[in-house]
Amino acid sequence: MEKNNNRLGWLFASPYLIFSTVFFLGPLIWSLYLSFTNWDLISPTYDFVGFKNFTKALGTPGVRSAFWVTYKFMIVFVPIVTAMSLFVAVIVKGLPKLKSVFLIGFFLPYLSSGVVASLIVKGFLSHTSPVQTFLRERLGLDIDWLGGSFSALFVVAMIMAWKFTGYYALILTSGLESIDQEVYEAAAIDGVKDSQRFWKITLPLLYPAIYTTLILSFGATFGIFTEVYQLTGGGPNYATNTWQMEIYSQAFKNLQAGYASAIAIMAAVATFISIFVIRKILEMWGKRNGWV
Amino acid sequence: MKKKLAVLMSLTLVFTILAGCGSKSSNSGTSADGVTTIEFWAAPNPTQQAYWQKIAKEYETVNPKVKINVSAIKESPTSEASIQAAIAGGSAPTMTENISRGFAAQLANSKALVPLDTIAGFSDIVTKRNMTKTIEPWEFADGHQYVLPIYSNAMLFGWRTDILKEAGVNEVPRTYSEVIEATKKLKAKYPDKYLWAKPDLADPTSWKRWFDFFMLYNAASDGNKFIEGSQFVGDEKAGVDVLTFVDNLRKEKGLLSQNVTEPFENGVGVFTDVGPWTFSTWAEKYPELQYKENFEVSLPPVPDGMDPANAKTFADAKGIVIYASASPEQQAAAIEFIKWVYSDDQNDVAFFQETNLPPARDDVGTNEVFKPVFEKTPVLQEYAKAIPNAVPSMDNPKFNELQTFIGQEAFNKIVRGEIDPKTGWDNMKKAIEGELQ
């Protein structure tokens, strides 16, 4: 009986295993192999170059910027998206009815195309757009949003925040809904003031959901591509050059598939280490406050 | 039984997935009834696509043993990337047009192209089409010809003479000091207008340098090659002059690199690079823009002391290539098709009429057959006249990285006022030489 169950288990798991082998493990091994070659994507022949791609990558401004830009995005994007999604979740939770309708509304940007959103923002920030004209003529502010290092990064981070807020709000709303109302009532009896409710009750009990959204939002910064590609191309002066942008540029603009694979491997290592460290910090934070 | 079922299901899944992944065809392109099918990717420009579809249909009636499927190269993300992806995926077409010299060098370096001069009948095309001189600079370092140039645009700068006149500038500026003077007058009259308004000025994408830096640099250096083989041979004085000119325009608030929709057409800027393909768009979208009435075109401005009348400029020239992955039958059929197209001058006339792109021929300015085209669109005469002044792009396979450095290290930074011209030039030179090693 147990043997049959095992077989059935393997059968049900096989689509995922096959999918992972073909679309994850296979490409990963292939990418690792390519990272030691100078293959140019289309040439029938190539040579093994050892660790040359990795040493070259470490010395280029493109890769160095990709490394740091990711953390700069984190600093801007994570607090904004967390605050916005928490705000949305709290507001939606307090609604007397039609909660799911509002949540769907906030969730829609997550389903929308990053290309379309970027193009709309591009038009919105165009020199001759009504917004820019208003800022220039009425307030004397002539801002080149996509031409300044910080402003370009900020614009991309804001688009990302707009896109992800609804998704994270959904997770946080579920967390809020799972908090038993009796906890608040008991706390009130124990003398917890209304102004302390959020910090003393909601935040600790919401910690698992916040932990999830924080990990997801930190992780999202390692995969930024569409918005950067459409709006800034990684500029100005590498200010928005993400890992994905650098990999794309080297593989498909400069035809250096081997070198791009080396960068992809480096990006993966940076991502795993960063997420691991962030997880540990968040867990320590939770433990120190007695939330887990 | 259950075990067999499980194995069968697993294998079905594997083969279904793998079948979806594999699309490589070993088809020779010739069917049992002897009809050879050619896949021809035309430039992603409606007029060029229409031209090739029409001409392919005509050829099929003359030669029923060949079927030509004409489709536009996908532009997402770029036509070059689409071609590269197709080659990498084993689904390259037989032939494509829209190939620049630099991109051809990349492809040739990867053994993706057929050296056209090794195919019988290629020299006949060159002779019959009267393009012996035009094709000379297209020879690659290995002595082969990989591209048959179709058109050659000597890129010119357009001037909004209507706005300039309102600002008190009655002649098109031809030297750097004249341009700066015109900028001062323009800003005095219209503080919200710019001499050169173009978001690309601050964009490091490599090909964008053809239409700003190289146009000015070719004029300032009298056509210096910039990179020859794997050597950087840039003319420092000319390069620094160009960057200083751009820097001076910035200081006069004459540059706008923010995103703005069609700034020249909408009058936000009064100066910009203009290719001959633009005029058919303007005829439809901006009919008020009329040559000699409110705009003119000219060769690039030159540093003071140089003769602006014969300034060199950038040649936006592109052509047809045949891919090495095509079967011998397809390659032979492709060259026969090209031979047939260029055996009749009227096909070049039709191309010129349809696309406004001057055919890459030695006699485009003198051959009477092109007269009706110039009569219909007089501004094209300026492009034909400038063909001898046009310098093609570099043929280095690393052109993409090299030209990106021009923007990243020098041009874009100058536009944003982040660096001085000499330092910009030095940084760019260092980066380029590092890449060439």
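Residues numbered from 1 in each chain as written. Chains lettered and ligands numbered in written order. Predicted model: local features only at pLDDT ≥ 70, side-chain atom pairs only at ≥ 80, totals over all residues. Heavy atoms only, no water.

> Where do I start with the overall build of chain B in this structure?
Secondary structure assignment for chain B yields 17 helices and 13 strands. Against the 2.2 N^0.38 benchmark of 22 Å for 437 residues, chain B shows a C-alpha radius of gyration of 24 Å, consistent with a compact globule. In terms of its C-alpha atoms, chain B occupies a principal-axis envelope of roughly 85 × 60 × 40 Å. By the burial criterion, 57% of the 437 residues in chain B qualify as buried. Considering only intrachain contacts with a sequence separation of at least 6, the fraction spanning at least 24 residues in chain B is 74%. Averaging the positions of the 45 positive and the 57 negative side-chain charges in chain B gives two centres separated by 5 Å. (Helix = DSSP H or I, 4+ residues; strand = E, 2+ residues; numbered from the N terminus. Rg over C-alpha atoms; globule rule 2.2 N^0.38 Å. Buried < 20%, exposed > 50% of the residue type's maximum accessible area, 1.4 Å probe, protein only. Contact = heavy atoms within 4.5 Å. Lys, Arg positive; Asp, Glu negative; His and termini not counted. Charge placed at Lys NZ, Arg CZ, Asp CG, Glu CD.)

> Looking at this structure, I do not really get the overall build of chain A. What am I missing?
The secondary structure content of chain A amounts to twelve helices and zero strands. The order of α-helices and β-strands along chain A, N terminus first, is α-α-α-α-α-α-α-α-α-α-α-α. When the 292 residues of chain A are sorted by exposure, 45% land in the buried category. Considering only contacts in chain A between residues 6 or more positions apart, those separated by 24 or more positions represent 69%.

> How should the nonpolar core be read in this particular structure?
Nonpolar side chains in soluble globular proteins tend to end up buried together. One finds Trp52(B), Phe213(B), Phe226(B) and Ile432(B) to be the most contacted residues of the largest nonpolar core, which totals 113 residues. Examining the composition of this core, we find that eight residues originate from one element, helix 16 (residues 399-415) of chain B, more than from any other. When residues no more than four places from it in sequence are discounted, the contact partners of Ile432(B) are Phe226(B), Ile227(B), Phe232(B), Leu402(B), Phe405(B) and Ile406(B). Grouped together as the second largest cluster of nonpolar side chains are 63 residues, Val81(A), Val156(A), Tyr168(A) and Tyr259(A) included. (Core = buried A, V, L, I, M, F, W, Y, C linked by side-chain atoms within 4.5 Å.)

> Help me understand helix 10 (residues 236-251) of chain B, please; the structure alone is not making it clear to me.
Residues separated by three or four positions in an α-helix point in the same direction, a consequence of the helix having 3.6 residues per turn. Residues and elements named next belong to chain B. The terminal C-alpha atoms of helix 10 lie 22 Å apart, and with 16 residues this matches the ideal 22 Å at 1.5 Å per residue to within 8%. Its buried side turned inward, helix 10 meets helix 8 (176-189), strand 6 (196-197), helix 9 (213-220), strand 9 (255-256), helix 16 and helix 17 (421-436). Regarding helix 10, its N-cap is Asp235, as a side-chain oxygen of that residue lies 3.1 Å from the backbone nitrogen of Lys237 further along. Once helix 10 finishes, Lys253 follows within two positions and takes phi at roughly 60°, a positive value. (Expected span 1.5 Å × (residues − 1). Polar contact = N/O pair within 3.5 Å; in protein donor to acceptor, adjacent residues only side chain to side chain.)

> When you look at the sheet that holds strand 10 (residues 271-274) of chain B in this model, what are you seeing that I'm missing?
Residue and element names in this part refer to chain B. Strand order in the open sheet formed by three strands is 10-5-11, with antiparallel pairing between adjacent strands. What marks the edges here is a single partner per strand, and that holds for strand 10 and strand 11 (296-298). Averaged over all pairs of adjacent strands, the angle between strand axes in this sheet comes to 35°, irrespective of strand direction. Pairing analysis gives three bridges linking strand 5 (residues 156-159) to strand 11, with the strands arranged antiparallel. Within strand 11, the position partnered with Phe157 by the bridge is Ser298. (Pairing = 2+ DSSP bridges. Axes fitted to C-alpha atoms, helices over the stretch in contact; angles between N-to-C directions.)

> Quick question: what am I supposed to make of empty space enclosed by the protein here?
In this approach, a probe sized like a water molecule rolls over the atoms, and the result shows the empty space that is left. All names here are of chain B. As enumerated under the stated definition, the model contains one cavity of 30 Å³ or more in all. Along the walls of the largest cavity sit Ser100, Arg101, Trp138, Trp210, Phe314, Ala315, Asp316, Ala317, Lys318, Pro392 and Ser393, which together make up its complete lining. Sort the elements by how many residues they give to the lining of the largest cavity and strand 12 (residues 313-322) lands first, with five residues. A per-class count over the lining of the largest cavity returns six nonpolar, two polar and three charged. (1 Å grid on protein atoms, 1.4 Å probe; cavity = no way out; pocket = protein on both sides within 12 Å on 5 of 7 lines; lining within 4 Å. Points joined across faces, edges and corners; volume = space filled by probe spheres on them. Nonpolar A, V, L, I, M, F, W, Y, C, P; charged D, E, K, R; others polar.)

> Help me understand the environment of Glu433(B) in this model?
Examined against the element boundaries, Glu433(B) turns out to sit in helix 17. Separated by 112 residues in sequence, Glu433(B) and Val321(B) have C-alpha atoms that sit 30 Å apart.

> Whenever I open this one, the environment of Gln346(B) confuses me. Can you help?
Residue and element names in this part refer to chain B. Inspection of the secondary structure puts Gln346 in helix 13 (residues 345-355). Gln346 sits in the partly exposed class, given a relative accessible area of 44%. As a C-alpha pair, Gln346 and Leu249 span 97 residues in sequence and 45 Å in three-dimensional space.

> Before we go on, may I ask you to explain the packing of aromatic side chains in this structure?
The geometry of an aromatic ring pair is captured by the separation of the ring centres together with the interplanar angle, meaning the angle of the planes. In total, this model carries 67 aromatic pairs over all chains according to the counting rule given. Both rings, one in Tyr110(A) and one in Phe164(A), keep their centres 5.6 Å apart while their planes meet at 65°; by these two values the pair is edge-to-face. Remark: Phe164(A) occurs in helix 7 (residues 149-177) and Tyr110(A) occurs in helix 4 (residues 99-111); sequence separation between them is 54 residues. Judged by relative accessible area, which is 30%, Tyr110(A) ranks as partly exposed. Considering the side-chain rings of Tyr110(A) and Tyr167(A), the 4.5 Å spacing of their centres and the 25° angle between planes classify their relative orientation as stacked. Residue Tyr110(A) is found in helix 4, and its partner Tyr167(A) is found in helix 7; the two are separated by 57 residues along the sequence. Ring-pair connections join several aromatic residues into one group, and the members of that group are Phe40(B), Tyr51(B), Trp52(B), Tyr59(B), Tyr151(B), Phe337(B), Trp340(B) and Phe351(B). Lys193(B) extends its terminal NZ or CZ atom over the ring of Tyr190(B), reaching a point 5.4 Å from the ring centre. (Phe/Tyr/Trp six-rings, centres within 6.5 Å; stacked < 30°, edge-to-face > 60°. Lys NZ or Arg CZ within 6 Å of the ring centre and 35° of its normal.)

> Explain the pattern of salt bridges here, please?
Two side chains with opposite charge may pair up if their charged atoms get near one another. Residues and elements named next belong to chain B. One pass over the full model with this rule turns up 26 salt bridges over all chains. Lys422 is the salt-bridge partner of Glu236, the closest N and O atoms lying 3.3 Å from each other. In this pair, Glu236 sits in helix 10 while Lys422 sits in helix 17, placing the two residues 186 residues apart along the sequence. Linking Lys237 and Asp241 is a salt bridge whose minimum nitrogen-to-oxygen distance equals 2.9 Å. Here Lys237 pairs with Asp241, and both are found in helix 10, just four residues apart, close to one helical turn. (Salt bridge = Lys/Arg side-chain N within 4 Å of Asp/Glu carboxyl O.)

> Explain the interface of chain B and chain A to me, please; I cannot follow it from the model alone.
Interfaces are frequently sized by the accessible area removed from exposure as the parts join. Each side of the interface is counted separately: chain B has 33 residues, and chain A has 32 residues. Approximately 2800 Å² of surface area, both sides summed, lies buried where chain B meets chain A, with 56% of it carried by carbon and sulfur atoms. Connecting chain B to chain A are zero salt bridges. Here chain B is connected to chain A by ten residue pairs in polar contact (both at pLDDT 80 or more). (Buried area = accessible area lost by both parts, 1.4 Å probe.)

> In this structure, what is going on with the side chain of Glu227(A)? I would like to understand it.
Residue and element names in this part refer to chain A. With respect to the element layout, Glu227 can be found in helix 10 (residues 226-231). Comment: no salt bridge for buried Glu227; closest opposite-charge side chain is Lys163, at 4.9 Å. Beyond its immediate stretch of four places on either side in the chain, Glu227 contacts Gly114, Ser118, Val156, Ile159, Met160, Lys163 and Thr232.

> Is there a simple way to explain unusual backbone geometry in this structure?
Across the chain, the bulk of peptide bonds are trans and the bulk of non-glycine residues have phi less than zero. Here the bond from Gly235(A) into Pro236(A) is cis, since omega is -5°, no more than 30 degrees from zero. Checked against the element boundaries, Pro236(A) lands in the loop between helix 10 and helix 11 (243-253). Despite not being glycine, Phe226(B) shows a phi value in the positive range, around 70°. Considering the arrangement of structural elements, one finds Phe226(B) in the loop between helix 9 and strand 7 (227-228). The phi angle at Lys253(B) is positive, at roughly 60°, despite the residue not being glycine. We classify Lys253(B) as exposed; its relative accessible area is 58%.

> Teacher, can you tell me more about the packing of helix 3 (residues 61-94) of chain A against helix 12 (residues 257-288) of chain A here?
A pair of packed helices can be characterised by two numbers: the angle between their axes and the separation between those axes. All names here are of chain A. The contact between helix 3 and helix 12 brings their axes to 11 Å, and the two run at 30°. In terms of axis orientation, helix 3 runs roughly parallel to helix 12. Helix-helix and strand crossings are classified by hand; for helix 3 and helix 12 the assignment is right-handed. Residues Val63, Phe67, Tyr71 and Met74 of helix 3 pack against Tyr259, Ile263, Met266, Ala270, Ser274 and Ile278 of helix 12. Split by residue class, the contact of helix 3 with helix 12 holds nine nonpolar, one polar and no charged. (Parallel < 35°, antiparallel > 145°, perpendicular 65-115°, else oblique. Left-handed = near helix turned anticlockwise from the far one by under 90°.)

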